[in-house]
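Survey of secondary and tertiary structure
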Amino acid sequence: MPETGAVLDAMIRYYAGDARRIGHFLKVYGFAKAIGEKEGLEAQTQLILEVAALTHDIGIKNSELKYQSAAGPYQETEGPPEARKMLSELGYDAALIDRVSWLIAHHHTYGQIDDLDLQILVEADFIVNAVEDDMTPSAVTAVKNRIFRTSAGTDYLNAVCPVS
């Protein structure tokens, strides 16, 4: 099975010239990797999480082309086919591709968090989005109270976006 470095390389090529998107998925990957490790994920789940973190926004390019929008529901629709194609070409097995595709299809659907890999992906993405979108302290607190469940994710959010 390929290393996550192959996915990172493929995603950088996929978003070549778009430093903002590349920076975003690299930051989400960093937080997701660290949170997963601190939460003690088993090796295969950690790998799935890391691949999903790198590819979670792969649907944005087609969403913007088709709908002139990068809204979450469009990303969740357009992302899985692109991820399946990329991960298949890289030699990942069907089970990993299926789970990563499912995670991409649900990473903006907070009411359907079914397992720790999605929980961590959502938390990592939110930490990065909170900074990139310059969210207000009250908005950060509301999301933290509603969505965050891991100790590591909560600790990182508190460190990155301290609120009183």
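Since we're looking at a predicted model, the values are computed, not measured.

About the thresholds
- Residues numbered from 1 in each chain as written.
- Predicted model: local features only at pLDDT ≥ 70, side-chain atom pairs only at ≥ 80, totals over all residues.
- Heavy atoms only, no water.
- Helix = DSSP H or I, 4+ residues; strand = E, 2+ residues; numbered from the N terminus.
- Rg over C-alpha atoms; globule rule 2.2 N^0.38 Å.
- Buried < 20%, exposed > 50% of the residue type's maximum accessible area, 1.4 Å probe, protein only.
- Contact = heavy atoms within 4.5 Å.
- Areas by Shrake-Rupley, 256 points an atom, 1.4 Å probe, with all protein chains shown as cover.
- Lys, Arg positive; Asp, Glu negative; His and termini not counted.
- Charge placed at Lys NZ, Arg CZ, Asp CG, Glu CD.
- 1 Å grid on protein atoms, 1.4 Å probe; cavity = no way out; pocket = protein on both sides within 12 Å on 5 of 7 lines; lining within 4 Å.
- Points joined across faces, edges and corners; volume = space filled by probe spheres on them.
- Nonpolar A, V, L, I, M, F, W, Y, C, P; charged D, E, K, R; others polar.

Moving on, we get to the overall build of the protein chain. Along its length, the protein chain carries nine helices and zero strands. In the protein chain, the succession of helices and strands from N to C terminus is α-α-α-α-α-α-α-α-α. In terms of C-alpha radius of gyration, the protein chain reaches 15 Å, essentially the compact-globule figure of 15 Å for 164 residues. Across its three principal axes, the protein chain shows a C-alpha extent of roughly 45 × 40 × 25 Å. Of all 164 residues assigned to the protein chain, the portion counted as buried reaches 47%. Within the protein chain, residue pairs in contact and separated by at least 24 positions form 65% of the contacts whose partners lie at least 6 positions apart. Carbon and sulfur atoms provide 53% of the accessible area of the protein chain, an area that totals close to 7,600 Å². Computed over 14 positive and 24 negative side-chain charges, the inter-centroid distance for the protein chain is 4 Å.

Let's shift gears to empty space enclosed by the protein. In the structure shown here, the tally under the stated rule is one cavity of 30 Å³ or more. Around the largest cavity sit Met11, Tyr15, Arg21, His24, Phe25, Leu54, Asp57, Ile58 and Ile60, which together line it. Tallying contributions element by element places helix α2 (residues 19-38) first for the lining of the largest cavity, with three residues. Each residue belonging to the lining of the largest cavity can be placed in one class, and the counts come to six nonpolar, one polar and two charged.

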